[in-house]
Amino acid sequence: MITDTEGVERLQQAIDESNYIVFFGGAGVSTESGIPDFRSQDGLYAQKYKYPPEEIVSHTFLVHKTEEFFEFYKDKMLAPDAKPNAAHKKLAEMEAAGKLKAVITQNIDGLHQAAGSKEVLELHGSVLRNFCTKCGKTYSSTPEDVNAGIKYILASDGVPRCNAEVDGKVCNGLVRPDVVLYEEGLDQYTISKSIEHISKADMLIIGGTSLVVYPAAGFISYFRGKHLAVLNMASTSRDAEADIVIREKIGEVFSQIKV
């Protein structure tokens, strides 16, 4: 295992000699932007609620306990003031330089795009996009306001409802986030594109994820390239096969990388 200064040097060397880098990231990428993760000691799953967070962020809970779902969602899942950190910015810089070909993220915060990344595959959707389950109207980011969709949800009194006019009447359908909840399937295009990028990569950087959420974590098995790097505060199931393992904050690590 390579860590600390030596690890950063090895990471820099691997990036320098690679031309098709793919980044696969999770909640740990955004913790330095003030967004809590799920499984760490201070994560959402370790906090005490009336219902377990794993149950709250499920399709069944959304359908049957809609008010409680949105109470939790508004309080814990939205961070309109969060800004991209050093990790987001470095990945965007690597893409602009032609080194990084894709960011595959389990996050739903949109911070990779905010930092300037273009090829972002959001496995679990985005809080920036919302839609009416009845008429299909979207409540999402606009060129003028990236948080337009979030603001609509937060401004709603209780359960967000659709204000579209349909056949002369207000729709009033449920407006839900375009995120993948437990019991819901991933988007097939996003899956196939993620696997395509990973299978083509000569370097795969795994960052800020515990690699316990499937099927997303299983995509790593498609990697056949030269360099596998794992940047995560805790150990993961892929540490043993990685040639670079750094257990430091990912933003601090990437801030030392030159592109």
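Above this text you will find the structure in question.
Here the structure is a predicted model, which is why all the values come from computation and not from measurement. (Residues numbered from 1 in each chain as written. Predicted model: local features only at pLDDT ≥ 70, side-chain atom pairs only at ≥ 80, totals over all residues. Heavy atoms only, no water.)

1. A short note on the overall build of the chain
(1) Moving on: Scanning the chain for helices and strands turns up nine helices and 10 strands.
(2) Moving on: Relative to the compact-globule value of 18 Å for 259 residues, the chain shows a C-alpha radius of gyration of 19 Å, a close match.
(3) Moving on: Sorting the 259 residues of the chain into buried and exposed places 51% on the buried side.
(4) Moving on: In the chain, the share of contacts with a sequence separation of at least 24, taken over all contacts with a separation of at least 6, comes to 64%.
(5) Moving on: Entry remark: accessible area of the chain is about 12600 Å², with carbon and sulfur atoms responsible for 49%.
(6) Moving on: Side chains of the chain give 28 positive and 36 negative charges; the mean places of these two sets differ by 2 Å. (Helix = DSSP H or I, 4+ residues; strand = E, 2+ residues; numbered from the N terminus. Rg over C-alpha atoms; globule rule 2.2 N^0.38 Å. Buried < 20%, exposed > 50% of the residue type's maximum accessible area, 1.4 Å probe, protein only. Contact = heavy atoms within 4.5 Å. Areas by Shrake-Rupley, 256 points an atom, 1.4 Å probe, with all protein chains shown as cover. Lys, Arg positive; Asp, Glu negative; His and termini not counted. Charge placed at Lys NZ, Arg CZ, Asp CG, Glu CD.)

2. Section: the sheet that holds strand β1 (residues 21–25)
Adjacent strands of a sheet form backbone hydrogen bonds with each other and so pair up, either parallel or antiparallel.
(1) Moving on: Read from one edge of the open sheet, six strands run β3-β2-β1-β8-β9-β10, paired in parallel fashion. The open sheet has two edge strands with one neighbour each: β3 (120–122) and β10 (244–246). Strand-to-strand twist of the sheet, defined as the mean angle between neighbouring strand axes without regard to direction, takes the value 15 degrees.
(2) Moving on: The pairing of strand β2 (residues 100–105) with β3 spans three bridges and is parallel. Bridging from a neighbouring strand, V103 pairs with V120 of β3.
(3) Moving on: Here helix α5 (residues 86–96) sits on the sheet and contacts β1, β2 and β8 (203–207); the angle it forms with β2, its principal contact strand, is near 145 degrees. (Pairing = 2+ DSSP bridges. Axes fitted to C-alpha atoms, helices over the stretch in contact; angles between N-to-C directions.)

3. Here's the deal with the nonpolar core
(1) Moving on: Core analysis: the largest hydrophobic core is formed by 26 residues, its most contacted members being F69, F70, Y73, V127 and C162.
(2) Moving on: Elements with a minimum of two residues in this core: α3 (59–64), α4 (66–77), β4 (125–132), α7 (148–155) and β7 (175–179).
(3) Moving on: With five residues, α4 is the largest single contributor of residues to this core.
(4) Moving on: In this structure Y73 touches L78, V127, N130, I153 and P177, once residues within four positions along its chain are discounted.
(5) Moving on: Within the second largest apolar cluster, 23 residues are counted, among which are I21, V29, V103 and V120. (Core = buried A, V, L, I, M, F, W, Y, C linked by side-chain atoms within 4.5 Å.)

4. Points about the pattern of salt bridges
(1) Moving on: Taken as a whole and judged by the stated rule, the model has 10 salt bridges.
(2) Moving on: A salt bridge links R129 to D178; the shortest N-O distance between them is 3.0 Å. Taken together, the residues R129 in strand β4 and D178 in strand β7 connect sequence positions 49 residues apart.
(3) Moving on: Using a relative accessible area of 32% as the deciding quantity, one classes R129 as partly exposed.
(4) Moving on: A salt bridge links D145 to K151, with the shortest nitrogen-to-oxygen separation between them at 2.9 Å.
(5) Moving on: Overall, D145 belongs to the partly exposed group, its relative accessible area being 22%.
(6) Moving on: Take K151: its relative accessible area is 47%, and that puts it in the partly exposed class.
(7) Moving on: Each of the salt bridges in this network shares a partner with another, and the network as a whole consists of E122, R129 and D178. (Salt bridge = Lys/Arg side-chain N within 4 Å of Asp/Glu carboxyl O.)

5. Considering α4
(1) Moving on: Those residues of α4 that fall on the buried side of the exposure criterion are T66, F69, F70, F72, Y73, K74 and M77.
(2) Moving on: Turning to α4, the residues buried within the fold contact α2 (53–56), α3, β4, α7 and β7.

6. Remarks on the side chain of H112
(1) Moving on: Tracing the backbone through its elements, the reader meets H112 in helix α6 (residues 111–115).
(2) Moving on: In this view, H112 contacts F23, V29, H88, L91, V103, T105, S117 and V120; residues no more than four positions away in its chain are not counted.

7. Topic: the packing of aromatic side chains
(1) Moving on: Using the criterion set out here, one finds six aromatic pairs in the structure.
(2) Moving on: Measuring from ring centre to ring centre gives 5.1 Å for F69 and F70, while their planes differ by 85 degrees; the resulting arrangement is edge-to-face. Note on accessibility: F69 and F70 belong to one class, buried.
(3) Moving on: One aromatic cluster is present, formed by F69, F70 and Y73 through successive ring pairs. (Phe/Tyr/Trp six-rings, centres within 6.5 Å; stacked < 30°, edge-to-face > 60°.)

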